[in-house]
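Inside the fold
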Amino acid sequence: MAGLKKGAEVELEIESLAFGADGVGRVNGMVVFVQGALPGQRVRAKITRKKKSHAYARILDVLRQSPDYQEPECVYFGDCGGCALQHLKYDRQIEIKTRQVQEVLQHIGGFADVPVLPALPSPKPFFYRNKMEFTFSPHRWLTRREVESGQTFEHRHFALGLHVRGRFDKTLALKSCLLQSKESDAIRNFVAGWAADSGLPAYTTRDHTGFWRFLVIREGKRTGERLVNIITADGGDEGREAVQRLTAELIEAMPEITTVVHTINRSKAQVATGDESEVLHGPGYIHERIGAFRFRISPESFFQTNTEGAEVLYQTALDFAQLTGSETLYDLYCGAGTIGIFMSPKAGRVIGVEIVPEAVQDAETNAELNSVANCTFVVGDLKEHVAGAASLFEQHGRPDVVVLDPPRAGIHPRVVQEIVREAPPRIVYVSCNPSTFARDARLFCDGGYRLLKVQPVDMFPHTAHIEVVGLFER
Ligand SMILES: C[S@@+](CC[C@H](N)C(=O)[O-])C[C@H]1O[C@@H](n2cnc3c(N)ncnc32)[C@H](O)[C@@H]1O
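Treat the numbers as computed from the prediction; the structure is a model and nothing was measured.

A short note on the site of the ligand
Taken together, 17 residues surround the ligand, and among them Gln304, Tyr314, Glu354, Asp381 and Leu382 come closest. A distance of 2.9 Å separates a nitrogen atom of the ligand from a polar atom in the backbone of leucine 382. One nitrogen or oxygen atom from the side chain of aspartate 405 is found 2.9 Å from a nitrogen atom belonging to the ligand. Within the complex, 88% of the 600 Å² of free accessible area of the ligand lies under protein. Here the residues of the shell around the ligand are counted per class, giving 10 nonpolar, four polar and three charged.

Quick notes on the packing of aromatic side chains
By the definition in use, this model includes 14 aromatic pairs. Ring geometry for phenylalanine 136 and phenylalanine 158: centres 5.9 Å apart, planes at 70°, overall edge-to-face. One end of the pair, phenylalanine 136, is in strand E6 (residues 131-137); the other, phenylalanine 158, is in the loop between helix H2 (144-149) and strand E8 (159-164), and 22 residues separate them in sequence. Residues phenylalanine 136 and phenylalanine 158 agree in their burial class; the two are buried. Three or more aromatic residues joined by ring pairs form one cluster here, namely Phe136, Phe158, Trp194, Phe211 and Trp212. When the ring centre of tyrosine 203 is taken as reference, the NZ or CZ atom of arginine 213 above it lies at 3.8 Å. Stacked on the ring of phenylalanine 111, the Lys or Arg arginine 442 has its end atom at 4.4 Å from the ring centre.

Focus on the packing of helix H3 (residues 182-196) against helix H4 (residues 236-253)
Angle between the axes and distance between the axes are the two parameters that describe a pair of packed helices. Put simply, H3 and H4 touch, their axes get as near as 11 Å, and they point 140° apart. Relative to H4, H3 is oriented oblique. Of the two possible hands of crossing, H3 and H4 adopt the one that is right-handed. Along its contact with H3, which presents Ile187, Phe190, Val191 and Trp194, the element H4 presents Ala242, Arg245, Leu246, Glu249, Leu250 and Ala253.

What to know about the sheet that holds strand E22 (residues 467-473)
An order of E18-E17-E16-E19-E20-E22-E21 is seen for the seven strands of this open sheet, with the pairing classed as mixed. Only two strands of the sheet have a single neighbouring strand rather than two, namely strand E18 (375-379) and strand E21 (450-457). Across the sheet, the mean angle separating the axes of adjacent strands is 15° when strand polarity is ignored. Most of the contacts of helix H7 (residues 357-369) go to E18, to which it runs at about 170°, and overall it touches strand E17 (349-354) and E18.

Reading guide: rules and limits
- Residues numbered from 1 in each chain as written.
- Predicted model: local features only at pLDDT ≥ 70, side-chain atom pairs only at ≥ 80, totals over all residues.
- Heavy atoms only, no water.
- Near = heavy atom within 4 Å.
- Polar contact = N/O pair within 3.5 Å; in protein donor to acceptor, adjacent residues only side chain to side chain.
- Areas by Shrake-Rupley, 256 points an atom, 1.4 Å probe, with all protein chains shown as cover.
- Nonpolar A, V, L, I, M, F, W, Y, C, P; charged D, E, K, R; others polar.
- Phe/Tyr/Trp six-rings, centres within 6.5 Å; stacked < 30°, edge-to-face > 60°.
- Helix = DSSP H or I, 4+ residues; strand = E, 2+ residues; numbered from the N terminus.
- Buried < 20%, exposed > 50% of the residue type's maximum accessible area, 1.4 Å probe, protein only.
- Lys NZ or Arg CZ within 6 Å of the ring centre and 35° of its normal.
- Axes fitted to C-alpha atoms, helices over the stretch in contact; angles between N-to-C directions.
- Parallel < 35°, antiparallel > 145°, perpendicular 65-115°, else oblique.
- Left-handed = near helix turned anticlockwise from the far one by under 90°.
- Contact = heavy atoms within 4.5 Å.
- Pairing = 2+ DSSP bridges.

Rendered as structure tokens:
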């Protein structure tokens with residue numbers, strides 16, 4: 001389109017917010033996605049990328065402010081990849097996320113008339129996360145504010161924090177974050193300072209060298225227990241001794257830390273898990289409470305990151321399941337068994353399936369911890385367990401209700417196919433990704449189910465993410 005080249009400056013009205021939190025406007029009929037722009041704003045923007053049917057731009061000036069704008073609370077907002085919507089009033093975040101779920105269901109799943117209920121807000125809009133994962137990097141990014149301050153920085157080539165928005169090779173050295181807790185800030189800042197002075201370098205994916213890789217902090221919001229997991233490359237004896245010294249000083253300075261784990265990740269994959277781990281302090285896990293239940297969480301187990309939000313999510317799933325006390329309930333992708341255990345008093349029996357062995361161990365312990373006797377947990381990859389003579393359903397009986405809570409990629413088509421073949425009267429699908437939910441929902445409906453309703457639940461305020469719960473009946 002003439003005049004809309006990369007580098008061009010344009011003025012436009014922002015009409016809506018796309019999934020992923022870019023503002024959407026039009027220039028001469030062409031859709032332009034403007035990073036960080038809000039509906040109701042008029043902006044001057046620079047085109048950063050141009051495709052056939054649309055373009056991307058970044059804001060140069062806000063010419064007219066949106067009535068839904070609010071001053072972001074975090075000093076890193078705009079630079080940090082953690083939050084994308086702190087500048088949008090929370091009630092509008094909820095409305096917009098609800099509409100986005102409706103649109104995704106229509107565009108990807110072809111559902112024009114499924115009732116999407118108004119998204120349920122997170123009980124807490126800030127400090128809601130029980131888990132944060134911070135990245136070490138030798139590529140420290142200075143925020144605009146830091147550059148303008150003219151300060152000099154002692155550790156210019158060492159950072160521990162979150163990725164810069166859209167830049168996975170750069171890390172912001174955070175001093176505060178409004179998503180977890182003040183105690184978490186103190187832990188991260190202590191570890192950052194200690195590691196920077198340790199003489200061992202931060203790991204970089206540019207050439208896969210360096211030692212310090214990730215710091216994961218988990219906290220039981222309701223129990224006060226805290227787990228610190230320090231993930232490093234294999235630094236031999238020198239590395240192990242450094243982490244041991246760090247741990248000793250850390251727990252002396254912060255006795256509220258109940259457990260510390262050292263995990264070694266030898267792979268090039270930039271993930272905060274590892275090949276080997278050693279518990280350096282405490283039991284190696286923490287507990288958290290959801291509803292009337294207490295759950296053990298190990299470093300490798302998935303656990304919903306917003307404790308109070310999880311209660312809203314699980315209660316919604318329980319209401320949708322309409323259990324009467326006699327049902328055979330399958331909790332597929334069960335993690336540490338939390339949904340199944342939460343629902344167990346209302347079901348006849350519960351069978352949970354999960355691929356991570358540590359999570360299944362946690363699930364078994366969690367059933368014991370809560371004196372729940374009607375749950376069985378199975379380790380395995382669902383796509384291998386659902387089909388064949390020795391299939392899950394052959395072994396454990398026909399399902400009355402299936403609850404599914406897969407990772408972002410959604411459900412493997414073979415798993416959908418086998419569930420459809422088994423024909424449980426009711427399916428409750430919990431998803432952290434409305435796009436794959438819509439895709440899978442279409443498969444269930446093509447297999448004879450009806451999607452009766454969808455309830456979005458905001459587990460991730462100020463980010464572009466939204467969780468959904470869908471109810472299907474035959
Ligand atoms: C979104 S989490 C849900 C966990 C749990 N329902 C909860 O609320 O805490 C998804 C879980 O699916 C597990 N998972 C991923 N792929 C799997 C597979 N192919 N078979 C079985 N479980 C899988 C993950 O390890 C993770 O624990």
